[in-house]
Amino acid sequence: MKLVKKLAALGLAAVMTLSMAACGSKPTETFESTGGAEIEGTDTGVSSSLVFGTNAEFPPFEYVAGTGVIDNFDGIDMAIAKQIAEENGMTASINNMEFDSLLLALQNGQVDAVIAGMTITDERKEAVDFSEPYYTATQVMIVRDDSDIKKASDMKDKKIVVVQGYTGETCVQDLGYSYEAFKKGSETILELTNGKCDVVVIDSATAEKYVADNQGIKIVEDPDAFAAEEYGIAVKKGNTELLDKINASIKKMKEDGTIASISAQYMMQILLRKKSADQRVNK
C-alpha cells in the first residue's frame, strides 16, 4: 500500500487534536496518582506534572529528538500526551524506559500513565486499565528488496526478528514461528540491512519510518494474517479519576478530529525523507 493511501487512512482514523493550548491560570485539580499519592493543585496557576511512561524507540509515535514536543521527546504519542496534560491544567513529563518495564512501573507508581503505542489486549487489561482507543494500526513485515517473502506464511523457514514485548512478537508466537527478540526497533532493522535476518515484524507506521530512513528494504502486508489493533493509554487499575480525565480529553479530541493532523504531520515528514532519499539514489 502506498504511503499516500496510508495518510488517507490515518485521516479516516482521526481521533485526536493538535491544538496545544497553554496552561491557564485556573487552579489545577487534585486526583489520585497511580502510586496512590496525590497530585496537588495550586491556586497560583503553576501546573503539576503528569508523568507518562514511554519507550522512545518507536517512531513516529515516540522517539528522542534534538527538540521535541515534551523536552527532547517527540512523536505522535508525545503530542497527544502534552495535549491531555494541558487540557487538565498540568505539565506533561516523560519517564523513558524499556517497553517491558512500562506496566510494572505503572503498577509501582513510578509513572501516572503509559503512552507507548501500546496495543489494548485482554492480557494487559488484567494488569491495568486502558483508555478508549486513540489509534488503529496493524502489523507488517519489513524485508530486503530482493526477498521472496510475499505473505506471512512465507516466514516459516526464515530468520525472523521482533522487538521484545511488542505486538509483533505476539503475532509471530501465534503463528508458531521461531524468532529472535531485540530491545529496540533500530536493532532489528540493523540486523535486516546487514543480512543477519530475513524479516522484521513490527507496527505499520513505524515500518514506514524505518523504510523511509533505510535504502534496500520494503514493507510486505498480509491483512489475512495480521488483524487491526488499537492503541490505548494505560493507567493503574482502579485509578478511575485519572482515566476519566484522559477519556474526556480523548473524546474531545475525537470530536475535533485531529489525529489526522498529528499523524499526517509526522507521516508527511517520513514521506518527504523517503522522496529525498529516492531522488539521491536516482541521480
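For the structure, see preceding data.
Draft legend 1. Structural context of empty space enclosed by the protein. Going through the model one piece at a time under the given rule, you end up with three cavities of 30 Å³ or more. By volume, the largest cavity amounts to about 50 Å³. Contributing to the lining of the largest cavity are Phe-58, Phe-99, Ala-116, Gly-117, Met-118, Thr-119, Arg-124, Gly-165, Tyr-166, Thr-167 and Asp-203. Its residues assigned to classes, the lining of the largest cavity comprises five nonpolar, four polar and two charged. Reported here for the second largest cavity is a volume of approximately 40 Å³. The greatest single-element share of the lining of the second largest cavity, amounting to four residues, is contributed by helix H9 (residues 259–282). Per-class residue counts for the lining of the second largest cavity are four nonpolar, one polar and two charged.

Draft legend 2. Representation of the pairing of strand E3 (residues 48–54) in the model. Counting buried residues along E3, five of its seven residues qualify, which places the element largely inside the surrounding structure. Here seven bridges tie E3 to strand E7 (residues 90–96), and the two strands are oriented parallel to one another. Residue pairing across strands places Leu-50 opposite Ala-92, the latter belonging to E7. Of the pairings in the sheet, the one linking E3 to strand E8 (residues 113–114) comprises two bridges and is parallel in character. By the bridge assignment for E8, Gly-53 is matched with Val-114.

Draft legend 3. Looking closely at helix H5 (residues 167–175). Thr-167, Gly-168, Glu-169, Cys-171 and Val-172 are the residues of H5 that are buried. If you follow the buried residues of H5, they end up packed against helix H4 (122–125), strand E11 (139–144), strand E12 (160–163), strand E13 (180–182), strand E14 (199–203) and strand E16 (229–231). At the exit of H5 stands Gly-176, carrying a positive phi of roughly 80 degrees.

Draft legend 4. Focus on the pattern of salt bridges. As enumerated under the stated definition, the model contains ten salt bridges in all. The shortest N-O distance in the salt bridge between Glu-180 and Lys-159 comes to 3.5 Å. Here the residue Glu-180 occupies a position in strand E13, and Lys-159 occupies one in the loop between E11 and E12, the gap between them amounting to 21 residues.

Draft legend 5. Expanded view of the sheet that holds E11. Taken in spatial order, the five strands line up as E13-E12-E14-E11-E15 in an open sheet, and their pairing is mixed. What marks the edges here is a single partner per strand, and that holds for E13 and strand E15 (217–220). Strand-to-strand twist in this sheet, taken as the mean axis angle between neighbours without regard to direction, amounts to 30 degrees. Where E11 and E14 come together, four bridges link them in antiparallel fashion. Across the sheet, the residue bridging to Ile-142 is Val-200, located in E14. The strands touched by H5 within the sheet are E11, E12, E13 and E14, with E12 carrying the most contacts at an inclination of about 140 degrees. Against the sheet, helix H7 (residues 204–213) makes contact with E11, E14 and E15, and its axis sits at roughly 125 degrees relative to E14, the strand it touches most.

Draft legend 6. Expanded view of the packing of helix H2 (residues 76–87) against helix H8 (residues 240–256). The N-to-C vectors of H2 and H8 enclose an angle of 110 degrees; their axes lie 10 Å apart at closest approach. With respect to H8, the element H2 is oriented roughly perpendicular. Handedness of the crossing formed by H2 with H8: right-handed. Contacts between H2 and H8 involve Gln-83, Ile-84 and Glu-87 from the first element and Ile-246, Ser-249, Lys-252 and Met-253 from the second. Here the residues of the contact of H2 with H8 sort into three nonpolar, two polar and two charged.

Draft legend 7. Representation of the nonpolar core within the structure. Core analysis: the largest hydrophobic core is formed by 66 residues, its most contacted members being Phe-52, Ile-142 and Ile-233. Ranked by the residues each element gives to this core, the list is headed by H2, at seven residues. Setting aside its immediate chain neighbours within four residues, Ile-233 contacts Ile-80, Ile-84, Ala-113, Val-114, Ile-115, Asp-129, Phe-130, Ser-131, Tyr-134, Ile-246 and Ile-250.

Draft legend 8. Spotlight on H8. Taking 1.5 Å of rise per residue, 17 residues should cover 24 Å, and H8 covers 24 Å from first to last C-alpha, within 8% of that figure. Where H8 is concerned, the buried positions are Leu-242, Leu-243, Lys-245, Ile-246, Asn-247, Ser-249, Ile-250 and Met-253.

Basis of the calculations
Residues numbered from 1 in each chain as written. Predicted model: local features only at pLDDT ≥ 70, side-chain atom pairs only at ≥ 80, totals over all residues. Heavy atoms only, no water. 1 Å grid on protein atoms, 1.4 Å probe; cavity = no way out; pocket = protein on both sides within 12 Å on 5 of 7 lines; lining within 4 Å. Points joined across faces, edges and corners; volume = space filled by probe spheres on them. Nonpolar A, V, L, I, M, F, W, Y, C, P; charged D, E, K, R; others polar. Helix = DSSP H or I, 4+ residues; strand = E, 2+ residues; numbered from the N terminus. Buried < 20%, exposed > 50% of the residue type's maximum accessible area, 1.4 Å probe, protein only. Pairing = 2+ DSSP bridges. Contact = heavy atoms within 4.5 Å. Salt bridge = Lys/Arg side-chain N within 4 Å of Asp/Glu carboxyl O. Axes fitted to C-alpha atoms, helices over the stretch in contact; angles between N-to-C directions. Parallel < 35°, antiparallel > 145°, perpendicular 65-115°, else oblique. Left-handed = near helix turned anticlockwise from the far one by under 90°. Core = buried A, V, L, I, M, F, W, Y, C linked by side-chain atoms within 4.5 Å. Expected span 1.5 Å × (residues − 1).

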